[in-house]
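Letter by letter, the chains look like this.
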Amino acid sequence: KIKAKKKRVSVKNKLRRMSEYESIPRPSSLRRSVSGLRKSDKFDKTASLISDALAGIVQPQPKEGPFATCCFHVHLWIHVVIKAIIVPGFLVLSFFERPFWCSIENAKECECIWNPMEPDVCTIPTFDIKYLGEKPRLYIEITLLGIVIVHQLLLRIAMGGKNYFAAHGCTEGLAIFLLSASLILLQTDQKYHYLDFYTLLGNRIALWLPLFRLFVFVAYSDDVRSQIFLVIRIIPHYLRVGALLALLTIFYAWFGVVVFPTIDQQSDYLKKNQTYDTLSEGDMYFPNLREGMWSLLVLVSTANFPDVALPAYAINRWSMLFFISYLLIGCFFMMNLLLATVYNVYVEEGKKAQEQANKNADINLRKAFTLLSDDHDYINTTSIRGVFAELNQHQEVLYIDDERSEELLAALDKTIESKIDYDAFKKLCLMIQLEPSIKNFDAEDTNRLADILNSDAFEYFIDFLILLNAAVVAAQTRDEIMGYHNRSAEEAEGPIWECIETVLAVFYFIEMCLKIYAFGLKRYFHFCRNQFDAFVSIASVITTFVVYWPNAYNDPSFVRYVLMLRLIRLVRILEAITDFRILGESFLNLLPAAAKLLKFLFCVTYLFAVLGMAIFGGNLSDKPSQRTLLKDTDFYTSGYLPLNFNDMWSSYVTLFCILVVNNWQVLTQGFVAIAGVNARLFFIAFYSVGTLICVNLAVAFIIDTFTVEQEKTKEKASKRTAMRHASSIRRRNPNAAVQNDEEAIALNRA
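On a predicted model such as this, the values are computed, not experimentally measured, just so you know. Every chain is numbered on its own, with residues counted from 1 as its sequence reads. Owing to the predicted nature of the model, reporting of local features is limited to residues with pLDDT of at least 70; listing and counting of side-chain atom pairs is limited to 80 or more, with chain, interface and lining totals taken over all residues. With hydrogens and water set aside, each side-chain value is computed from the structure's full complement of heavy atoms.

Draft legend 1. Summary view of the nonpolar core. The term nonpolar core refers to a set of buried residues drawn from Ala, Val, Leu, Ile, Met, Phe, Trp, Tyr and Cys, joined through side-chain atoms within 4.5 Å. Exposure categories follow from relative accessible area, calculated using a 1.4 Å probe and restricted to protein chains: below 20% of the type maximum is buried, above 50% is exposed, and the middle band is partly exposed. Within the largest apolar cluster, 101 residues are counted, with the highest numbers of intra-cluster contacts made by F323, W664, F671 and L697. No other element matches helix α16 (residues 320–373), which puts 13 residues into this core. Within the second largest apolar cluster, 26 residues are counted, among which are A53, L372, I384 and Y422. Counting from the N terminus, the helices are the DSSP runs of H or I reaching at least four residues and the strands are the DSSP runs of E reaching at least two.

Structure representation (structure tokens):
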């Protein structure tokens, strides 16, 4: 009875505070005007359901109550910062901490800069960067970890225990626990290093600590997790084609071992006619079945062709049929069949994911409509505006201001003024994530200066100056272009060219200022082209200022490097060509959607970089003992020693070289000489995952998405052209009876 009485008193006090809050007048902006409404849990839950519907997921909602709601709002506010800065910060930390092999016994060697001209001074090549000390690294990681823990605690309070673990909190909580435990154990090892158990344990934790950071990143990234699930579904189909390719490789390797004997196995006639480096095809590429399979695996990637065939081809021209037939079946058929398989699975899984997302969206939207309508068949627009204000708390949803709110409501049926049924509500929610309609800025330009800057003649004049600027830079660098390097940087500049560059830099800056004055700052920076022009103009002015202002810094070559940025303005000329502009815009529109693939590829490379550092870290060096093992390999003679796994930066560069499969057999040769022939398994694994799966996924994504984006871009381009023509008609003939852009275009054509 006492609890019930306290609850009734609490409800009365809450109602009293709400009535007082509603009586306070508020400003006219959307967020504040809606705050005059009663901000009950109904709007919060509705906004969360709509946000989940747009994401295509179904998950538990926060608990009721002011404290839980407050915690949930704070969680949403810092969620974007967590995903964009804090969680990626764990991975970035791995690039600046000292490698584990360096902190164990070679602390001085890893900080020494390797010079190929003096290999005995510093024997271990690294990326030559300044690593973080142990204490700064620890402080940074503890700070990042503390922010993530607070973020999870807020979610735990807002959701409750059961709902928290039903959502992704279980995975995120496990990742944070593993990372925290590893840090505690690592610091315990540094304090009690005299214990053998702790020392051994600490070395293992320092080795695998980057993997726990990767686990935290994956737990927070929905895009990476979705790509992991997609790859898991692709693997069974991938293995079928891979098994056929493996059988083909085994058969051809077996055939090659028999057909191409070594010198010891050759007859006297073949030994007498041996003409290629005194080694036969069998000695170089097919000494046994294992080496023959390796040679053919490299051949199917075309990295060693035609080198692999030349020893046999020099003796017998018909031997080329062996390699051509393998390439036709393995490279042209099997590899493209693998791409087709990945593409089919990608499309099928994309359709299934879209269907599931639509079902989840319908479930969430029905819950939201029922919650917002109070069991009626309609919702009033006042409630919709209240939900819009709460949706602005969700950073994944496009921000809805006054203008966009009215635009969304105006897109509904005109007969519906204050009551919205479920179909209209669903349509309204699905329109939230659509890009805002293209605003006709040209219609707002009424002053004479804006007309001049918008005219085609002014654009042609700017294009002429860009071409003139390119000609000036070409004249300055003509010796470098032709391959002559007799003149110094000061002589290449010349007073005439310096004067022309200065005039052009000042003119570009004046053009930027005039456009900002005529169109306004917001309208000017609305277009990506103007953003790029502003960057180049400001950089050119700063460079000119550095040149002419008396100072101690005098490096003409640096000035010329910065001035070469102006050549990128030539892209603006390509924009005038419709086909190039559509291709460029389609490519830029693909980048946000391709971000999930890039994140996944980054994580795969990070995983193999950590494994490579664990296996090969500190082993590949220019020490006399290892130089003896490497001196007869193409790896050492070709100068591949900087490609190693001695730190994270070098590991990424090495894995990228394997990703493009150019001379990756030479790269592998150095690690085989140091670690044995089993080192090939590591590179084969990365080639299979990175190149054959990730790259094929990227190709499938481009094939599936680029055509759709290109059509959208063409439609947007035609609409912008229509708006520009309509605005031109209105400016030339203000008295023309033009009600809309379509009528203006028709009048212009007439």
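Draft legend 2. Main features of a nonpolar patch on the surface. Only residues whose relative accessible area exceeds 30% and that form no salt bridge are eligible for patches; like-charged ones are grouped when within 9 Å, while nonpolar side chains (Val, Leu, Ile, Met, Phe, Trp, Tyr) are grouped when within 5 Å. Residue burial considers only the protein chains on display, and all accessible areas are found by Shrake-Rupley using a 1.4 Å probe. When a carboxyl oxygen of Asp or Glu is within 4 Å of a side-chain nitrogen of Lys or Arg, the pair counts as a salt bridge. On the surface, L244, L247, I250, F251, W254, F255, V258, V259 and L289 cluster together to form a nonpolar patch covering roughly 910 Å² of accessible area. Here the element with the most residues in the nonpolar patch is helix α11 (residues 222–259); it accounts for 8 residues. As for its position among the elements, I250 is in helix α11. I250 sits in the partly exposed class, given a relative accessible area of 35%.

Draft legend 3. Highlighting the packing of α16 against helix α19 (residues 422–431). Axis separation between α16 and α19 bottoms out at 10 Å; the angle between their running directions is 120 degrees. When the axis of α16 is compared with that of α19, the two are oblique. Considering the relative orientation of α16 and α19, their crossing is right-handed. Where α16 approaches α19, its residues D362, L365, R366, A368, F369 and L372 are matched on the opposing element by Y422, F425, K426 and C429. In terms of residue class, the contact of α16 with α19 is built from 7 nonpolar, no polar and 3 charged. Axes here mean lines fitted to C-alpha atoms, for a helix over just the part in contact, with angles spanning 0 to 180 degrees between N-to-C directions. Should an angle lie under 35 degrees it is considered roughly parallel, over 145 roughly antiparallel, and from 65 to 115 roughly perpendicular; all remaining angles are considered oblique. Crossings are sorted by hand: turned counterclockwise from the far helix by less than a right angle, the near helix makes the crossing left-handed, and turned clockwise it makes it right-handed. Throughout, a residue-residue contact means that at least one pair of heavy atoms, one from each residue, lies within 4.5 Å. When residues are sorted by character, Ala, Val, Leu, Ile, Met, Phe, Trp, Tyr, Cys and Pro go into the nonpolar class, Asp, Glu, Lys and Arg into the charged class, and all the rest, Gly among them, into the polar class.

Draft legend 4. Representation of the packing of helix α14 (residues 289–300) against α16 in the model. Contact geometry for α14 and α16: axes closest at 9 Å, N-to-C directions at 60 degrees. One element, α14, and the other, α16, form an angle in the oblique class. The way α14 lies across α16 gives a crossing that is right-handed. Contact residues: L296, L297, L299 and V300 in α14; F322, F323, Y326, L327, G330, C331 and M335 in α16.

Draft legend 5. The arrangement of the side chain of T633 in detail. When you line up the elements, T633 lands in the loop between α30 (624–630) and α31 (634–637). Overall, the relative accessible area of 10% leaves T633 in the buried class. From its side chain, T633 meets the backbone oxygen of L630 in a polar contact 2.6 Å long. Residues within four places of T633 in sequence aside, it is in contact with Q669 and A673. Nitrogen and oxygen atoms within 3.5 Å of one another constitute a polar contact, given that in protein one can donate a hydrogen and the other can accept it, and given that sequence-neighbouring residues count only through two side-chain atoms.

Draft legend 6. Representation of the packing of aromatic side chains. Centre distance within 6.5 Å is the pairing criterion for rings of Phe, Tyr and Trp, where only the six-membered ring of Trp is used; planes under 30 degrees apart are then read as stacked, over 60 as edge-to-face, and the remainder as tilted. All told, the structure shown has 34 aromatic pairs when counted by the stated rule. Ring plane angle 15 degrees and centroid distance 5.9 Å describe the contact between F255 and F322, whose orientation is recorded as stacked. Of the two residues, F255 sits in helix α11 while F322 sits in helix α16, which places them 67 residues apart along the sequence. Since its relative accessible area comes to 41%, F255 is described here as partly exposed.

Draft legend 7. Broad picture of the side chain of S621. By secondary structure assignment, the location of S621 is in the loop between α29 (578–616) and α30. Judged by its relative accessible area of 0%, S621 falls in the buried class. For S621, the contacting residues outside a window of four places in its chain are T123, I124, P125, Q626, L630 and L641.

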